[in-house]
Amino acid sequence: MGDLSLASVLALKVEPTPGVFAAPNNTTDLITCAELKGNIQGITADIKEFTGTKHRPGPKVLGKTFEVSGRILLRGPGGTTPPAADVLVIGRLLRAACFAESIVSVAIPAAPEPVAAGGTTSSVVLGATAAATIDLYKGKMVQLSHLGAGKKGLSMVRANDASKLAVLPETSDTAITDGNWQLIKQIAYMFSPGDGPSLSASVWLGSRRVDGVGLAISAFKINLPTSSKNSQDVPSIEFTLTGDVQGAYDDQAPMPPVGLAVPPFRDGKLWIANKQLGGSSVTIDFTAQVAAPPNPNRPTGSEASQTTETTRTVDMTLNQTTLANFDDIGMADEQGYYPLYAMWGLASGNCFGVLVSDMRFNYRSPDNSGDFVTNTGQAFVDGADRTINLVFGFPPTF
């Protein structure tokens, strides 16, 4: 009988020592993955030896590389309290993409606290319990009762200063000088200038398992498609990992966890440049380059693969609105920095926030080929210190 394609499973584990295989557990390290591929590619050298005839020999096979790619749907772990560090398997992938994992296991403050005076429609002065540390809360999710009840009150901190003033990526109808604030329990993945860890992977395809070692991110995207009447898709992360083959074995695929329902991107928030906008999709693309330092002491002749460069862009397809409401041409002319904030979810532990704290607009093109006029184009993310953030939220009310 043939092997079934549906019996394809992925397991990931962080390598304590880069390039040294850390065997994934076939229970705790599994993650449900769509479009999973595991490709072994030969390394060849076409030396072109002379043979005394017009017929040359084939290239010399010198080794092999391993590439793992797929799409992981964004679903949370559930519950009311974040799991411990390194438990979320999708978090390992984010860490490999240079996101630092920050866990807020106890809300700050423990109970919602009144905000202080001095806020504006796009900023809030946090209360007495807040620390006066610059950007301590940058990239974190905060609940503000002034903005609304439950998840409507969820926002993220674009920046904060020593006076406890927190700048927001959205705009309230009135100055935020009343109501309570609380930094909710959360797992925040914040883009960092530091290096991410290398990963080991096991990829089951039917009855065969291939193990990969020294894997680094070579492609990475966060996709936020709007789930609407005319478009049916859900938020996800697309990835490609590149490294070496540790080994291949006969091993029947295990069953990955089913997990919670995947929250569609709707009944939430999309704010761009502090304007609430509609549109069909937002994609954050980390165009990456990967390389492996040569080392003849290693069996493969190379050390573990490393991500050597990323270029971050935000692709947006938005409903066209008036320039008076959203002047994307003026923002591209100015080349200033503006935020993007998206929030959606179904319950505590299955709630998400994405914040791009600072991006520069390129010029956008109108498209009238459909029923409605849209504008498509990119924005560029220059910085690397918490300029892109993905939060798994555990709000006390939803």
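Whatever comes next refers back to the structure up there.
Below is a short write-up of the structure. The structure presented is a predicted model; accordingly, all values stated were derived computationally and were not measured.

Let's shift gears to the overall build of the protein chain. Helix and strand content of the protein chain: 2 helices and 26 strands. The C-alpha radius of gyration of the protein chain comes to 23 Å, within 12% of the 21 Å expected for a compact globule of 398 residues. With the C-alpha coordinates aligned to their principal axes, the bounding extent of the protein chain is approximately 85 × 45 × 45 Å. Scored against the burial criterion, the 398 residues of the protein chain give a buried share of 49%. Long-range contacts, defined here as pairs at least 24 residues apart, represent 74% of the contacts in the protein chain between residues at least 6 apart. Summed over all atoms, the accessible surface of the protein chain reaches about 18,000 Å², with 53% contributed by carbon and sulfur. Taking the average location of the 30 positive side-chain charges in the protein chain and that of its 36 negative ones, the two points are 4 Å from each other.

We now examine helix α1 (residues 89-96). α1 sits mainly inside the fold: 7 of its 8 residues count as buried. Within the span of α1, buried status applies to Val89, Ile90, Gly91, Arg92, Leu93, Leu94 and Ala96. Directly beyond the C-terminal end of α1, a positive phi value near 75° is found at Cys98.

The next subject is the pattern of salt bridges. For the coordinates displayed, the defined rule picks out 14 salt bridges. Ionic pairing is found between Glu35 and Arg71, a salt bridge with its closest N-O pair at 3.2 Å. Taken together, the positions of Glu35 in strand β3 (residues 34-45) and Arg71 in strand β4 (residues 60-73) put the pair 36 residues apart, joining distant regions of the chain. Measuring nitrogen to oxygen at the nearest pair gives 2.7 Å for the salt bridge that ties Asp86 to Arg95. The partly exposed category is assigned to Asp86, whose relative accessible area is 30%. The structure contains a network of salt bridges with shared partners spanning Asp29, Asp86, Arg92 and Arg95.

Turning our attention to the packing of aromatic side chains. Per the counting criterion, the structure on display carries 11 aromatic pairs. A centroid spacing of 5.4 Å and a plane angle of 55° characterise the contact between Phe191 and Phe286, whose relative ring orientation is tilted. Separated by 95 residues along the polypeptide, Phe191 in strand β14 (residues 185-191) and Phe286 in strand β20 (residues 279-291) bring together distant segments of the chain. The same class applies to Phe191 as to Phe286, namely buried. Taken together, the ring pairs in this structure connect Tyr189, Phe265, Trp344, Phe352 and Phe392 into an aromatic cluster.

This part is about the sheet that holds strand β8 (residues 123-125). The 4 strands are arranged β7-β8-β12-β11 in an open sheet whose pairing can be described as antiparallel. Both edges of this open sheet fall to β7 (116-120) and β11 (159-160), since each of them pairs with a single strand only. Looking at chain direction, β7 and β8 are connected through 2 bridges and run antiparallel. Bridge pairing in β8 links Ala116 to Val125.

Overall, the coordinates contain 1 cavity of 30 Å³ or more when judged by the stated rule. Approximately 50 Å³ is the volume found for the largest cavity. In terms of lining residues, the largest cavity is bounded by Ala96, Ala97, Cys98, Ile217, Phe220, Phe286, Ala288, Thr307 and Thr310. Counting only elements with at least two residues in the lining of the largest cavity, the list comes to β16 (208-225), β20 and β21 (306-319). Of the residues contributing to the lining of the largest cavity, the split by class is 7 nonpolar, 2 polar and no charged.

How each quantity is defined
- Residues numbered from 1 in each chain as written.
- Predicted model: local features only at pLDDT ≥ 70, side-chain atom pairs only at ≥ 80, totals over all residues.
- Heavy atoms only, no water.
- Helix = DSSP H or I, 4+ residues; strand = E, 2+ residues; numbered from the N terminus.
- Rg over C-alpha atoms; globule rule 2.2 N^0.38 Å.
- Buried < 20%, exposed > 50% of the residue type's maximum accessible area, 1.4 Å probe, protein only.
- Contact = heavy atoms within 4.5 Å.
- Areas by Shrake-Rupley, 256 points an atom, 1.4 Å probe, with all protein chains shown as cover.
- Lys, Arg positive; Asp, Glu negative; His and termini not counted.
- Charge placed at Lys NZ, Arg CZ, Asp CG, Glu CD.
- Salt bridge = Lys/Arg side-chain N within 4 Å of Asp/Glu carboxyl O.
- Phe/Tyr/Trp six-rings, centres within 6.5 Å; stacked < 30°, edge-to-face > 60°.
- Pairing = 2+ DSSP bridges.
- 1 Å grid on protein atoms, 1.4 Å probe; cavity = no way out; pocket = protein on both sides within 12 Å on 5 of 7 lines; lining within 4 Å.
- Points joined across faces, edges and corners; volume = space filled by probe spheres on them.
- Nonpolar A, V, L, I, M, F, W, Y, C, P; charged D, E, K, R; others polar.

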